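Commentary on secondary and tertiary structure
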Amino acid sequence: MAHTSSHGTAASILWGFLLSLILTALAFGAVMGGAVPRGAVLPAITLLAVAQLIVQLVFFLHLGPRQGQRGNTAIFLMTAMLIGIVVSGSLWVMYNANHNMSPTQMTIAAARNRD
Amino acid sequence: MSAHHDDGSRTTLGFWIYLMSDCLIFASLFATFVVLAGNVAGGPEGRELFDLPYVGWETLLLLVSSATFGFAMLAMEREDRRALRQWLVLTWLLGAGFIAMELHEFAALIAEGAGPQRSAFLSAYFTLVGTHGLHVTAGLLWLAVMIHQLSVFGIDAMVRRRLACLSLFWHFLDLVWICVFTFVYLRGAV
C-alpha cells in the first residue's frame, strides 16, 4: 500500500459520499414514497443496498483491481462468498423447515390416531 | 520499529482479515434476524415500531462521519496535525450523535413494551442492531484514544498505522449499517 494513494483523494471521498447519499435517498423513497409497486420494493431496495455497498467498498475502503488493492479485494471476495453461503443456506433451510413443519389444524390426538 | 521494512501494510492486512471475520458474525446475525423476523408472538411488528425518518437521520449521521474520516486520513497524509485533529473530533461527534439516537430509540421501544424479551423478532432485532451499536461505541472509544495519542505523539508511524486500521473499522461499520437500514428497517416497513 503506497502512502500517496492508499487513502484516495478529496474528489473520491466526495463522489463516494454523494453517490451513497443518492442511493440511500432512493431506498427510503422507494419504501416511503409509494411510487414503486409493493411487489417491486424489496428487489429495488436490495439492489440499491448492493450498489451502495459496492460504492463504499470502492470509494471508502479502496478495493479494486490495482496492485496493492488486490490482496484485500481477494480476501473480501472470499468472505462475500462465505456470507452468501451462510445467509442463503440458512434462509433456504429455515424456509423449508417452516414450510414442512408448519402447524396444522390437526389435534395431537388426531395425529396419534393416524399412525 | 521493525528491522524489516514494514510500512504498516502488514498490520492493515491483518486488521482487514479481522474485519472479514467480523463480517461473518454480522452475516450470521442477519441470517438469524431474517429467519425470525416474522415470529412476532402476537406482539408488535416492525411496521408499527419503526420510525423511518428517524432511521434516515441516523443513517445520515453515520454516512457523513464516514466522509469526515476520509478527510481525516487525507489530512494525515499531508501531515496537517491541526486539520487531522479537527476531522477526528468531528467524526467522533457524529458517531456519538448516532449512538445517542440509537439509545433513545432502544429506550423508547423498551418503554412501550417492545423490549428484546417480547418476541423472537425483537430478540433478533436487539441482538443485530445492538451488536452494530456496540461496535460503533468501541470505535468511539478507539477514536478518543487516537485523538489523545495524536496530541502526545504527533503523526508518527505508530499513529499512522493505528488510524489506518481505525479508518477501515469505521468505514466497515457504515457498510454494515447499509444492510441494517435496508434489511431491518426498510424491509420491515414494506
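Refer to the structure above for everything that follows.
Here the structure is a predicted model, which means the values were calculated and not measured.

1. Remarks on the packing of helix α4 (residues 81-111) of chain B against helix α5 (residues 120-153) of chain B
Residues and elements named next belong to chain B. Where α4 contacts α5, the two axes come as close as 10 Å, and the packing angle between them is 155°. Here α4 lies roughly antiparallel to α5, going by the angle between them. Here α4 runs over α5; the crossing is left-handed. Grouping the amino acids of the contact of α4 with α5 by side-chain chemistry returns 19 nonpolar, seven polar and four charged.

2. Comments concerning the packing of aromatic side chains
Residue and element names in this part refer to chain B. Following the criterion strictly, the structure yields 17 aromatic pairs over all chains and no others. Ring plane angle 65° and centroid distance 6.4 Å describe the contact between F15 and F169, whose orientation is recorded as edge-to-face. Note that F15 is positioned in helix α1 (residues 9-36) and F169 in helix α6 (residues 157-189), a separation of 154 residues in sequence. Each member of the pair F15 and F169 is classed as buried. Taken together, a centroid distance of 5.8 Å and an interplanar angle of 50° make the contact between W142 and F169 tilted. With a gap of 27 residues between them, W142 in helix α5 and F169 in helix α6 connect regions that are remote in the sequence. Three or more aromatic residues link up through ring pairs in this structure, and these residues are F33, F50, F98, F106, F121, Y125, F126, W177 and Y185.

3. What to know about unusual backbone geometry
Residues and elements named next belong to chain B. Backbone geometry at A41 places phi at a positive 50°, although glycine is not the residue there. Within the element layout of this structure, A41 appears in the loop between α1 and α2 (46-49). What makes A41 exposed here is its relative accessible area of 58%. A positive phi angle is found at E79, which is not glycine, with a value near 60°. Relative to the assigned elements, E79 resides in the loop between α3 (52-77) and α4.

4. Side note on the packing of α4 of chain B against α6 of chain B
All names here are of chain B. Taken N-terminus to C-terminus, the directions of α4 and α6 make an angle of 30°; their axes are 14 Å apart at the nearest point. Viewed along their axes, α4 and α6 adopt a mutual orientation that is roughly parallel. The two elements α4 and α6 meet at a crossing, and its hand is left-handed. Together, L84, L88, T91, G95, F98, E102 and E105 of α4 and L163, W170, W177 and Y185 of α6 make up the contact between the two elements. Of the residues in the contact of α4 with α6, the class split is seven nonpolar, two polar and two charged.

5. Brief notes about the interface of chain A and chain B
Across the contact, 41 residues belong to chain A and 45 residues belong to chain B. Summed over both sides, the interface of chain A with chain B buries roughly 3,800 Å², with 81% coming from carbon and sulfur. Counting every contact that joins chain A to chain B gives zero salt bridges. Remark: the boundary between chain A and chain B carries two residue pairs in polar contact (both at pLDDT 80 or more). If you list the elements that add at least two residues to the side of chain A that touches chain B, you get α1 (10-32), α2 (38-59) and α3 (70-100) of chain A. Per-element accounting of the side of chain A that touches chain B gives the leading share, eleven residues, to α1 of chain A.

6. So, α2 of chain A
Compared with an ideal rise of 1.5 Å per residue, which puts 22 residues at 32 Å, α2 of chain A spans 32 Å between its outermost C-alpha atoms and is within 8% of the ideal. Where the residues of α2 of chain A are buried, they touch α1 and α3 of chain A together with α3 and α6 of chain B.

7. Structural notes on α3 of chain A
Spanning 31 residues, α3 of chain A covers 44 Å between terminal C-alpha atoms, matching the ideal 45 Å at 1.5 Å per step. The set of residues buried in α3 of chain A consists of N72, T73, F76 and T79 of chain A. Against α2 of chain A together with α1 of chain B lie the buried residues of α3 of chain A.

8. Digging into the nonpolar core
Formed by 78 residues in total, the largest nonpolar core has its most connected members in Y125, L163, V184 and Y185 of chain B. With 21 residues, α6 of chain B is the largest single contributor of residues to this core. Excluding anything up to four places from it in sequence, Y185 of chain B contacts F50, L52, V55, E105, Y125, V129, W177 and V180 of chain B. F17 of chain A together with L63, F71 and L74 of chain B belong to the second largest nonpolar core, which has seven residues in total.

Definitions and cut-offs
Think of each chain on its own: its residues are numbered from 1, step by step along the sequence as written. The order in which chains are written sets their letters, starting at A; the order in which ligands are written sets their numbers, starting at 1. In keeping with the predicted nature of the model, local features appear solely for residues at pLDDT of at least 70, side-chain atom pairs appear and are counted solely at 80 or more, and the whole-chain, interface and lining totals rest on all residues. Side-chain numbers here rest on the full set of heavy atoms in the structure, without hydrogens or water. Each axis is a line fitted through C-alpha atoms, and for a helix only the stretch in contact is used; angles between axes span 0 to 180 degrees, taken between their N-to-C directions. Counting from the N terminus, the helices are DSSP H or I runs at least four residues long and the strands are E runs at least two residues long. To sort the angles, those under 35 degrees are grouped as roughly parallel, those over 145 as roughly antiparallel, those from 65 to 115 as roughly perpendicular, and the leftovers as oblique. Should the near helix be turned counterclockwise from the far one by less than a right angle, the crossing is left-handed, whereas a clockwise turn marks it as right-handed. Note on residue classes: Ala, Val, Leu, Ile, Met, Phe, Trp, Tyr, Cys and Pro are nonpolar, Asp, Glu, Lys and Arg are charged, and everything else, Gly too, is polar. Two aromatic rings from Phe, Tyr or Trp, using only the six-membered ring of Trp, form a pair when their centres are within 6.5 Å; if the ring planes differ by under 30 degrees the pair is stacked, by over 60 it is edge-to-face, and anything between is tilted. Throughout, exposure labels follow a simple rule: accessible area from a 1.4 Å probe, protein chains only, divided by the maximum for the residue type, with under 20% read as buried, over 50% as exposed, and the rest as partly exposed. Here a residue-residue contact requires only that any non-hydrogen atoms of the pair lie within 4.5 Å. Take the accessible area each of two parts loses on contact, using a 1.4 Å probe, and add the two losses: that sum is the buried area. Between Lys or Arg on one side and Asp or Glu on the other, a salt bridge is scored when a side-chain nitrogen of the former is within 4 Å of a carboxyl oxygen of the latter. Here a polar contact is taken to be a pair of N or O atoms separated by no more than 3.5 Å, where protein atoms must pair a possible hydrogen donor with a possible acceptor and residues adjacent in sequence count only if both atoms sit in side chains. Working rule for helices: expected span equals 1.5 Å times residues minus one. For the purposes of this section, nonpolar cores are sets of buried Ala, Val, Leu, Ile, Met, Phe, Trp, Tyr and Cys residues that join through side-chain atoms within 4.5 Å.

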